Amino acid sequence: MFDSALYRDVFSTPSMRAVFSDEAQLNAYVQAEVALAIAQGETGVIPRQAAEAIARQAPTIALDSEQLKRDTENVGYPIVGLVRQLSERLGESGRYLHWGATTQDIMDTATVLQLRDAVALIETQLAEVMTTLAGLARLHRDTPMAGRTHLQQALPITFGHKAAIWLSALQRSAERLEQARPRALQAQLGGAAGTLASLGDRGLDVRAAYARALGLAEPDITWHVARDGLVELVQTLAVICGALGKIGYDVMILMATEIGEVFEPFSSHRGASSTMPQKRNPISSEILLANAKASRDAASLMLDAMVQDLERATGPWHCEWLALPQVCLLTSGSLSQAQFMLSGLIVEPAAMKRNLDSTRGLIVAEAVMMGLAPALGRQSAHDEVYAACRDAFERGDALLDALLRRPAIASALPRDRLAALCEPSNYLGTAGSMVDRVLARQGKRSTQHTIDIWED
């Protein structure tokens, strides 16, 4: 689906596909090889002139992709063929290319370089979605609607409260991503069995210089078979997809004909049916839900691939080649769909009010019970209001009328007080204050993000 001319921009984005293209991957391999040569030239492991020649010439060499494909199919990995092609074209300096490294060193480091670009893209997209959600939460801070539990009306909330809950989940995911980044984006250099024996007593110096040249974190020890950093990153991305899937699921439900409280952005024939002209189906929301489910598989596969054999994995490592690009592509696609949908979301306060009033006050039965409790006692108040609710339901009239028919209730509180208790907009608790707290956190994040960009 990611390569399909029809679907590729539905499930992901051009920018993220570019990060995981063959060209980007080969460039990352060459970048890792060049950084290794530079590090070894600095530390005296190879002649400095050879390192400079490799750094100058290697990025300009045109690779024979068909030959590289054949070598990869034969060897099982692309690095042997890549090093052969580069070495042949580098002349005398080519003899020092890939000095003391192993295939996994270059491939892991290249993957990390790609992930760095992917994470940067996701962080930018995530910030855009959070800004959009903050706008919705702020605009609808006090827009009342029915809160629903078990798909039934429960108590009044506000749409701003709902949007702030969506936002808070993404805020926590943004924090997780920041925390996971340094643990995942580490250079890999360990040699054949992870001991750097081929570099003698300069191994750690080379690895430190290698990491600096690439702008990556330097690991304390080789992580050929300790994959928790990458696994953590993938789980974090899957959590982002899941949080966006929840938003999509909510929007789909609220778009239902019988509810009609929000709608995805309208454009001609968007969400149209081939047979039912009246249909306005959710499109972005469905992709959010699908991507959330698909990202779970990538996360599970990465967890499975953590169990690797001894000092160099067999099949588990290969599983990562499938899961890592997939979860990044899905996350970018979900963020793109979410931004499109939320930035043009049509919110219908009138429909929210209509649905809120549809139970004729029954949705605030708890408010009435708590209002009566000081006079009647909590349990007696519960029993009286319960009986009034059954009466209102059976007669099909308003809760207020049923309450006034109960002598114990009518004598406990005056009619105007009971009427106020039956008004849903009077029973929103601290919804607005909680929205304010989430928005305040978002304001701090936005300020810090601006400072980080300025410093970079």
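Structure's up top.
What comes next is a walk through the structure. (Residues numbered from 1 in each chain as written. Predicted model: local features only at pLDDT ≥ 70, side-chain atom pairs only at ≥ 80, totals over all residues. Heavy atoms only, no water.)

Looking now at the pattern of salt bridges. Opposite charge on two side chains lets them pair, provided their charged atoms get close. Applying the stated rule across the entire model yields 20 salt bridges. Between R141 and D142 there is a salt bridge whose closest N-O contact spans 2.8 Å. Residue R141 is classed as partly exposed on the basis of its relative accessible area of 25%. A single salt-bridge network, built from bridges that share partners, covers D391, R395, D397 and R405. (Salt bridge = Lys/Arg side-chain N within 4 Å of Asp/Glu carboxyl O. Buried < 20%, exposed > 50% of the residue type's maximum accessible area, 1.4 Å probe, protein only.)

Counting 108 residues, the largest nonpolar core has L133, Y210, L244, L342 and L345 as its most contacted members. Those residues within four positions of L345 in sequence are excluded, and the remaining contacts are L136, F159, V251, V262, F263, E264 and P265. L372, V385, A388 and A392 belong to the second largest nonpolar core, which has 19 residues in total. (Core = buried A, V, L, I, M, F, W, Y, C linked by side-chain atoms within 4.5 Å. Contact = heavy atoms within 4.5 Å.)

By the secondary structure assignment, N291 is in helix α11 (residues 284-305). In this structure N291 comes out as buried when scored by relative accessible area, which is 1%. In contact with N291, not counting residues within four places along its chain, are F11, C241, L330, G333 and S334. (Helix = DSSP H or I, 4+ residues; strand = E, 2+ residues; numbered from the N terminus.)

One turn of the α-helix equals 3.6 residues, which is why residues spaced by three or four share an orientation. Every buried residue of helix α4 (residues 48-57) is listed here: A50, A51, A53 and I54. Angularly, the buried residues of α4 cover 160° about the axis, an arc narrow enough to put them on a single face. Residues of α4 that are exposed and angled more than 90 degrees away from the buried face: Q49 and R56. In this fold, the buried residues of α4 make contact with α3 (22-42) and α6 (79-90). (Arc of directions from axis to C-beta.)

In this structure, H150 takes a positive phi of about 55° despite not being glycine. Looking at the element boundaries, H150 is found in the loop between β1 (144-149) and β2 (152-158).

This part takes up a nonpolar patch on the surface. A contiguous nonpolar surface patch, about 360 Å² in accessible area, is contributed by M1, L6 and Y7. Topologically, Y7 is positioned in the segment before α1 (8-11). (Patch = residues over 30% accessible without salt bridge, like charges linked within 9 Å, V, L, I, M, F, W, Y side chains within 5 Å. Areas by Shrake-Rupley, 256 points an atom, 1.4 Å probe, with all protein chains shown as cover.)

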